[in-house]
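Single-letter residue listing:
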Amino acid sequence: MGKPILKGTDLGYYASDKTILQHLDFEIAPQEFVTLTGPSGGGKSTLLRLLASLISKTSGSLTFKAEEIETYEPTAYRRQVSYAFQQPQLFGQTVADNLEFPFTIRNEPFDNEKAVEFLGKVNLEPDSLNQPITELSGGERQRVALLRNILFMPEVLLLDEITTGLDVDNKAIINRLIGQLNQTEGLTIISITHDTSEFKLANRLLTLKDGQLEA
Amino acid sequence: MNLAVNNTSLMFALILVIIAILIVHREKLGLEKDIIYSVIRAVIQLVVVGYVLKYIFRVDNVFLTIALVLIILFNASWNAKKRAGNIRNAFPISLVAILASTSVTLGTLVLTGSIKFIPSQIIPISGMIASNSMVAIGLCYRNMNTNFQNQRQQVLEKLALGADLHDASISIIRESIKTGMSPTIDSAKTVGIVSLPGMMSGLIFAGIDPVRAIKYQIMVTFMLLSATSIGSLIACYLAYKSYYNEQKQLL
Ligand SMILES: Nc1ncnc2c1ncn2[C@@H]1O[C@H](COP(=O)(O)OP(=O)(O)OP(=O)(O)O)[C@@H](O)[C@H]1O
Ligand SMILES: [Mg+2]
């Protein structure tokens, strides 16, 4: 393996006097696709939140491109290492409100063509831009949420059970897209899943149990 | 003037307090002590304020007037701070907001000649501005606290997408400013129809022609709109960052 893009060394996290993660050692190579699994409450989401710089480690080391994550400007870092939540909430009223957000925060004008192109990638029609978010199915919602993370391509995509609860068709649409992003865009992906049929999409499987990585 | 209250008439008006106590006692509300305490407190406070104001009006000294205004602002900020929950530096934030809203509003009124820079006008007007700003800012704080809790997931998602603190918070900031201003806007809509507000009532009571009295009320309406909007704006913009840490993480 070449130089890791993300690396944890004796990484630990505790909150409210409770140890949630301890002694984690791992390396993620650039362009690697890793799935993360393990029992509920094992600390998977917590690990991704650490990687996304939404919380800070309490012990050990966690680096992105050989520098401690805390040394990066958090906003810029999160645009490079993008986290998609386990149960995402959409913003505002319409699909457009959600796809505009990544443009707004970059002070760029909304690019309608680009938005429509990305909608196509997840089998959504161009006119769904004006659709109220309350009218979307669970699977459509999840797909729109994912687009917010990839409209501006990050270097690392952290996916927190984004296909859980979806039917086979929705799963297939999402998994085909992230597979493509990994293959053609060279996006590094860490994806949490409980679905054993999704393990084969990845290069490597990590298991987190009781806050520790299993060999 | 027809103003007729004197010590004797006030003593008899105490009957009203006794009625309140009887009701509370009969209904077993357990508020008797509270009522007695609050009545005694109100009387003492007002007597003291009466004499202090009388003295200050008579001396008519600029520094003394400003000092009293500052005390009013200080108290108002302290009270606003009590509603701040976990907001860091809530006292200095409230003080800055109330200081700004009072000086801009009061300054405009004095410069436009609406009021004169004499203690009997500056002090009551400052009190009105400060207390309305205080309520507005308290509402802003409460709204921010609730929304940063209720909309936690949404704020987190915005941060995760690489929003800076302003972009992640702007919808909450806007809503909080609105909440701070809305009582003033609402009461402006009903002024004179539902309520005869204090300024106007006081003047009418003192025998002033209602047509003149309403001019003062119009001025008060303008001034409170300005005061609550400035106070809310500044307080919200200074306060929202305290929901985050140095690493731009939501606390
Ligand atoms: N801020 C916190 N304070 C206290 N405990 C926490 C905190 N955050 C997470 N935990 C606890 O840490 C443990 C791991 O949570 P986490 O969400 O990482 O699990 P998970 O592996 O993602 O589970 P699931 O598969 O159910 O999503 C849980 O027991 C959770 O209650
Ligand atoms: Mg989880």
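Computed from a predicted structure; not experimentally measured. (Residues numbered from 1 in each chain as written. Chains lettered and ligands numbered in written order. Predicted model: local features only at pLDDT ≥ 70, side-chain atom pairs only at ≥ 80, totals over all residues. Heavy atoms only, no water.)

**Q** What is the right way to read the coordination of the magnesium ion (ligand 2) from this model?
**A** Note on metal sites: the ideal angle is 109.5 degrees for four tetrahedral donors, and 90 or 180 degrees for six octahedral donors. Residues and elements named next belong to chain A. Within the protein, the magnesium ion (ligand 2) binds to S45 (OG) and Q86 (OE1); these donor distances fall in the range 1.9 to 2.4 Å. Linking S45 in helix α1 (residues 44-51) with Q86 in the loop between β6 (81-84) and α3 (95-105), this pair joins segments that are 41 residues apart in sequence. For Q86, a relative accessible area of 32% corresponds to the partly exposed category. (Donors = N, O, S within 2.8 Å, 3.2 Å for Na, K, Ca; no water. Helix = DSSP H or I, 4+ residues; strand = E, 2+ residues; numbered from the N terminus. Buried < 20%, exposed > 50% of the residue type's maximum accessible area, 1.4 Å probe, protein only.)

**Q** What's the story with the site of ligand 1 in this structure? I'm lost.
**A** Residues and elements named next belong to chain A. In the region of ligand 1, 15 residues are neighbours, and S40, G41, K44, S45 and T46 sit closest. The separation between an oxygen atom of ligand 1 and a polar side-chain atom of S40 is 2.5 Å. At a separation of 3.3 Å, an oxygen atom of ligand 1 approaches a polar side-chain atom of E161. Looking at the shell around ligand 1, the elements with two or more residues in it are β2 (18-28) and α1. Per element, the largest residue contribution to the shell around ligand 1 is three residues, and it comes from α1. Residue classes in the shell around ligand 1 are distributed as three nonpolar, nine polar and three charged. (Near = heavy atom within 4 Å. Polar contact = N/O pair within 3.5 Å; in protein donor to acceptor, adjacent residues only side chain to side chain. Nonpolar A, V, L, I, M, F, W, Y, C, P; charged D, E, K, R; others polar.)

**Q** How should the sheet that holds strand β5 (residues 67-68) of chain A be read in this particular structure?
**A** All names here are of chain A. Ordered by their spatial adjacency, four strands build an open sheet running β2-β1-β4-β5, and the pairing between neighbours is antiparallel. What marks the edges here is a single partner per strand, and that holds for β2 and β5. The strands that α1 touches are β1 (6-15), β2 and β4 (59-64); relative to β2, the one it contacts most, it runs at about 60 degrees. (Pairing = 2+ DSSP bridges. Contact = heavy atoms within 4.5 Å. Axes fitted to C-alpha atoms, helices over the stretch in contact; angles between N-to-C directions.)

**Q** How do you make sense of a nonpolar patch on the surface when you look at a structure like this?
**A** Residue and element names in this part refer to chain B. Taken together, the side chains of V62, F63, I66, L70, L99 and F117 make up a nonpolar region of the molecular surface, amounting to roughly 580 Å² of accessible area. Structurally, I66 can be placed in helix α3 (residues 62-81). We classify I66 as partly exposed; its relative accessible area is 38%. (Patch = residues over 30% accessible without salt bridge, like charges linked within 9 Å, V, L, I, M, F, W, Y side chains within 5 Å. Areas by Shrake-Rupley, 256 points an atom, 1.4 Å probe, with all protein chains shown as cover. Salt bridge = Lys/Arg side-chain N within 4 Å of Asp/Glu carboxyl O.)

**Q** Help me understand the UniProt feature "transmembrane region" (unreviewed entry) in chain B, please; the structure alone is not making it clear to me.
**A** All names here are of chain B. If you check UniProt for "transmembrane region" (unreviewed entry), the listed places come out as residues 6-24, 36-56, 62-78, 90-115, 121-141, 190-208 and 214-240 in our numbering. In residues 36-56, the share of helix is 100% and the share of strand is 0%. The end C-alpha atoms are 30 Å apart. The straight-line gap between the two end C-alpha atoms of residues 90-115 is 31 Å; of that span, 85% is helix and 0% is strand. (UniProt positions renumbered as here; feature names shortened; annotations may be inferred.)

**Q** Please explain the domain arrangement of chain B as it appears in this structure.
**A** How big an interface is tends to be stated in terms of accessible area lost as the parts join. Residue and element names in this part refer to chain B. By the assigned domains, chain B splits into domain 1 (1-59) and domain 2 (61-243). Computed over C-alpha atoms, the centres of domain 1 and domain 2 are 28 Å apart. For the pair domain 1 and domain 2, the summed buried area comes to about 670 Å², and 85% of that belongs to carbon and sulfur atoms. Interface area lost by domain 1 to domain 2 is led by L3, I56 and F57, which between them contribute 62%. Our count for the domain 1 to domain 2 interface comes out at zero salt bridges. Viewed at the interface, domain 2 and domain 1 are joined by one residue pair in polar contact (both at pLDDT 80 or more). Partitioned by chemical class, the residues of the side of domain 1 that touches domain 2 number seven nonpolar, no polar and no charged. (Domains from an automatic or database assignment. Buried area = accessible area lost by both parts, 1.4 Å probe.)

**Q** Honestly, the pattern of salt bridges in this entry has me stumped. Any pointers?
**A** When charged atoms on two side chains of opposite charge get close, those side chains can pair. For the structure on display, the rule yields eleven salt bridges over all chains. Salt bridges here are not isolated pairs; linked through shared partners, they connect A:K57, A:E68 and A:E70.

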